[in-house]
Amino acid sequence: HDLRAPIASVLGLNSLAEDTADREELDTVLAMQREALDRLDLYIRDVIDYSRNKRMAVQSEDVCLRKIVDDCMADLVYQTNYNKIDYFIEIEEQTCIQSDKLRIKIIVNNLLSNAIKYADSAKDNSFISIRAEWKEKGVTLIIEDNGIGIKEDYKDKIWDIFFRGTSTIPGSGLGLYILKESVKNLNGEIDFISKEGEGTTFKIFIPEQTV
């Protein structure tokens, strides 16, 4: 259903676009098509990440965290809300760690994608902060936002596969499940604090992997 519904929407909207000569109506239809394709893209990305995390062995290599963050930001630039948010990246270019590049990218991408997706449209100063702190035998990534936050009743459920806290924002319900599994595969740790209406901070400890 999650795969077919956006495709059906796009096909229906395409028919509307073919039947209209009004430019304003056409722009509206194109915007709706973009939203449907965004939903499909996000779902497919989550399914691919889930598959990769399940079947691929952990591989250790030199991973530069700033490059990972920059790459993820570039991938998310067309996501809804992206241009309405201020970004503060406090990671030095030389902050590198021996770990699994694929899984670190899955972790960073999921956290940034969620922070953008759940930005609070009622706030004029939406922000996302990304920083890294060296700890003994590893690095702690800290991603903070002032988005809509997580309801108290949902805090024990967010790691469950297919759990979604809202039906008004598109998502597969796989993102945080994949995130936690990826951290687990790296023998890392993850924690968060969140308050509804104020924002969320995730902390992920990534240990150095032995070569």
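These notes cover the structure that comes with them.

Parameters at a glance
Residues numbered from 1 in each chain as written. Predicted model: local features only at pLDDT ≥ 70, side-chain atom pairs only at ≥ 80, totals over all residues. Heavy atoms only, no water. Phe/Tyr/Trp six-rings, centres within 6.5 Å; stacked < 30°, edge-to-face > 60°. Helix = DSSP H or I, 4+ residues; strand = E, 2+ residues; numbered from the N terminus. Buried < 20%, exposed > 50% of the residue type's maximum accessible area, 1.4 Å probe, protein only. 1 Å grid on protein atoms, 1.4 Å probe; cavity = no way out; pocket = protein on both sides within 12 Å on 5 of 7 lines; lining within 4 Å. Points joined across faces, edges and corners; volume = space filled by probe spheres on them. Nonpolar A, V, L, I, M, F, W, Y, C, P; charged D, E, K, R; others polar.

By the definition in use, this model includes five aromatic pairs. Consider the rings of W159 and F202, whose centres lie 6.2 Å apart with planes at 75 degrees: the pair is edge-to-face. Highlighted residues: W159 in the loop between β5 (138-145) and α5 (175-185) and F202 in strand β7 (residues 199-207), separated in sequence by 43 residues. Across the pair, F202 and W159 agree in class, each one buried. Three or more aromatic residues joined by ring pairs form one cluster here, namely W159, F192 and F202.

Another point: empty space enclosed by the protein. With the rule as written, the count across this model stands at one cavity of 30 Å³ or more. Considered as a void within the structure, the largest cavity measures approximately 30 Å³ in volume. The wall of the largest cavity is formed by I85, A115, A119, D120, S126, F127, I128, D145, N146 and G147. Split into classes, the residues belonging to the lining of the largest cavity amount to five nonpolar, three polar and two charged.

In this section: unusual backbone geometry. Unlike most non-glycine residues, N81 shows phi in positive territory, near 85 degrees. Assignment of secondary structure puts N81 in the loop between α3 (65-75) and β2 (86-90). Residue N81 is classed as buried on the basis of its relative accessible area of 18%. The backbone of N187 sits at a positive phi, close to 60 degrees, despite the residue not being glycine. Take N187: its relative accessible area is 60%, and that puts it in the exposed class.

Geometric descriptors of this kind do not, in isolation, establish any biological role.
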